[in-house]
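What the coordinates show
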Amino acid sequence: MGYRNLTPQAMVNISGPWLDPEQDRRIFTSLPLLAPLLPAVEEAHGRILTTQRLGSSLQQQAKALMEKALTLDATHDRKLRGAYNYLGALAEMTDDPAFAAAVLDLRDRLAPAGLRAVSRSYGDQAGDAKLLPSRLDDASEKLLKKLKTPEGPLAQVVDAWVAAALEIEKVEAQREQLALNASSSTDGASPREVLNARNAWIRVVRAVETNLALEKAATGEIAERLLGRLRRESARADRRGRKGGAVGAAEPAPVDDAAPLAAGEDDDSFDGA
């Protein structure tokens, strides 16, 4: 039975009772071979809590920014497509060649790349929004204000997609700053720190298992009290792992449990990704 598939939540649920005076701490410290391991358990447990807390905070911020960018992009694309198609439809419906030419000219000034504009990068969309006023002349600006849509003047629709594109640029800047923060040792838990915390926890738990097996005073009831949750959580984690539901792809896998690292040693297989 390995521990590589255990989630951080399962890890703290396993080692937490060993440290809790209201649960198993008294039993843990009463056993001569386990009591000296208590400081190591406290440290490993704390590292899991810390890296999980910092990592989760950054992940939540990144997720919120991504969702905001997607919402803004959807608004940008929808408003741009609507205005573009609306002007094309007006040109098709009118019997006035001059008016048709005017609305098509306005359409091409608003979106020179046509509907391909909705598939451009966020940076390109923001740049295009900044350039849009320079492409309009007096006649096109007047037509923008004159043409009506269910949402009001067409100018309001254009203003909405321009505002969305410029806001996306700000959100992307926030995401870039967050990525920089994630690589900082003070602002977030790096993948390396997460991996090392998991490896340290696994080493300590293996030491607890080994020492408990050598502890003459440990009855079967005590062994079940201290290790029962570990065995059950590990079995469930292994089943999830076989089904492809192990530790998330974004989280680095810990070392092979069958060959635990020596104290203080890091896993050299980590690639720094």
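Cut-offs applied
- Residues numbered from 1 in each chain as written.
- Predicted model: local features only at pLDDT ≥ 70, side-chain atom pairs only at ≥ 80, totals over all residues.
- Heavy atoms only, no water.
- Helix = DSSP H or I, 4+ residues; strand = E, 2+ residues; numbered from the N terminus.
- Axes fitted to C-alpha atoms, helices over the stretch in contact; angles between N-to-C directions.
- Parallel < 35°, antiparallel > 145°, perpendicular 65-115°, else oblique.
- Contact = heavy atoms within 4.5 Å.
- Nonpolar A, V, L, I, M, F, W, Y, C, P; charged D, E, K, R; others polar.
- Salt bridge = Lys/Arg side-chain N within 4 Å of Asp/Glu carboxyl O.
- Buried < 20%, exposed > 50% of the residue type's maximum accessible area, 1.4 Å probe, protein only.
- Core = buried A, V, L, I, M, F, W, Y, C linked by side-chain atoms within 4.5 Å.
- Phe/Tyr/Trp six-rings, centres within 6.5 Å; stacked < 30°, edge-to-face > 60°.
- Left-handed = near helix turned anticlockwise from the far one by under 90°.
- pLDDT = per-residue confidence, 0-100.
- Arc of directions from axis to C-beta.
- Polar contact = N/O pair within 3.5 Å; in protein donor to acceptor, adjacent residues only side chain to side chain.
- Expected span 1.5 Å × (residues − 1).
- Bend = angle between axes of the 7 residues up to and from the residue.

What follows covers the environment of Leu 70. Within the secondary structure, Leu 70 is located in helix α3 (residues 38-93). A C-alpha to C-alpha distance of 8.6 Å links Leu 70 and Ile 168, two positions 98 residues apart in sequence.

This part covers the packing of helix α4 (residues 97-110) against helix α6 (residues 138-146). Running from N to C, α4 and α6 cross one another at 100°; their axes reach a closest spacing of 10 Å. Judged on the interaxial angle alone, α6 and α4 are roughly perpendicular. Between α4 and α6, the residues in contact are Phe 99, Ala 102, Val 103, Leu 106, Arg 109 and Leu 110 and Ser 140, Leu 143 and Leu 144, respectively. The residue inventory of the contact of α4 with α6, partitioned by class, reads seven nonpolar, one polar and one charged.

Below, the discussion takes up the pattern of salt bridges. As enumerated under the stated definition, the model contains twelve salt bridges in all. Residues Arg 107 and Asp 108 are paired through a salt bridge, measuring 3.5 Å at the closest nitrogen-oxygen approach. In this structure, Glu 224 and Arg 232 form a salt bridge, with 3.1 Å as the shortest nitrogen-oxygen distance. In this structure Glu 224 comes out as partly exposed when scored by relative accessible area, which is 39%. A relative accessible area of 42% places Arg 232 in the partly exposed class. One connected set of salt bridges, linked through shared partners, spans Asp 105, Arg 109 and Asp 137.

Next up on the list: the nonpolar core. Membership of the largest hydrophobic core comes to 30 residues, with the highest contact counts inside it found for Leu 6, Trp 18, Phe 28, Leu 34, Trp 201, Val 208 and Leu 226. Breaking this core down by element, the ones donating at least two residues are α1 (8-19), α2 (25-30), α3, α8 (191-214) and α9 (220-242). Per element, the largest residue contribution to this core is seven residues, and it comes from α8. Excluding anything up to four places from it in sequence, Trp 18 contacts Asp 24, Arg 25, Phe 28, Leu 38, Val 41, Val 205, Val 208, Leu 226 and Leu 227. Among the nonpolar cores identified, the runner-up in size contains 26 residues, and Leu 87, Val 103, Leu 147 and Val 158 belong to it.

On to the packing of aromatic side chains, then. Using the criterion set out here, one finds one aromatic pair in the structure. Each ring, one from Trp 18 and one from Phe 28, has its centre 5.7 Å from the other, and the planes form 35°; the classification is tilted. Of this pair, Trp 18 sits in helix α1 while Phe 28 sits in helix α2, and the two are ten residues apart along the sequence. On the basis of relative accessible area, Phe 28 is assigned to the buried category, the value being 0%.

Contact geometry of α1 with α8 gives a least axis separation of 12 Å together with a crossing angle of 40°. Considering the angle they form, α1 stands oblique to α8. Along this stretch, α1 crosses α8, giving a crossing that reads as left-handed. Between α1 and α8, the residues in contact are Pro 8, Met 11, Ile 14, Ser 15 and Trp 18 and Arg 198, Trp 201, Ile 202, Val 205 and Val 208, respectively.

You can see Asp 24 is positioned in the loop between α1 and α2. Excluding residues that lie within four positions of it along the chain, Asp 24 makes contacts with Pro 17, Trp 18, Arg 225 and Leu 226.

With 80% of its residues at a pLDDT of at least 70, the protein reaches an overall mean of 83. When the elements of the protein are averaged for pLDDT, α9 gives the smallest value, 85, and α4 the largest, 96. Across residues 243-273, where pLDDT falls below 50, the model places 50 contacts with residues more than four positions away in sequence or in other chains.

Now for the environment of Leu 230. Along the chain, Leu 230 falls in helix α9. With 215 residues separating them in the primary sequence, Leu 230 and Ser 15 have C-alpha atoms 8.5 Å apart. Contact partners of Leu 230, with chain neighbours within four places excluded, come to Tyr 3, Ile 14, Trp 201, Val 205 and Glu 209.

Glancing now at α6. All buried positions along α6 are accounted for by Ser 140, Leu 143 and Leu 144. Projected down its long axis, α6 shows its buried positions confined to an angular sector of 105°, all on one face. When the buried face of α6 is taken as reference, the exposed residues oriented beyond 90 degrees from it are Asp 138, Lys 142, Lys 145 and Lys 146. Where α6 begins, one side-chain oxygen reaches toward the backbone nitrogen of Ala 139, 3.3 Å away; that side chain belongs to Asp 137.

The next point concerns helix α5 (residues 122-135). For α5, which comprises 14 residues, the first-to-last C-alpha distance of 20 Å matches the rise-based estimate of 20 Å (1.5 Å per residue) to within 8%. Along its length, α5 reaches its greatest deviation from straightness, about 25°, at Ala 129, and the proline Pro 133 lies no more than four positions downstream.

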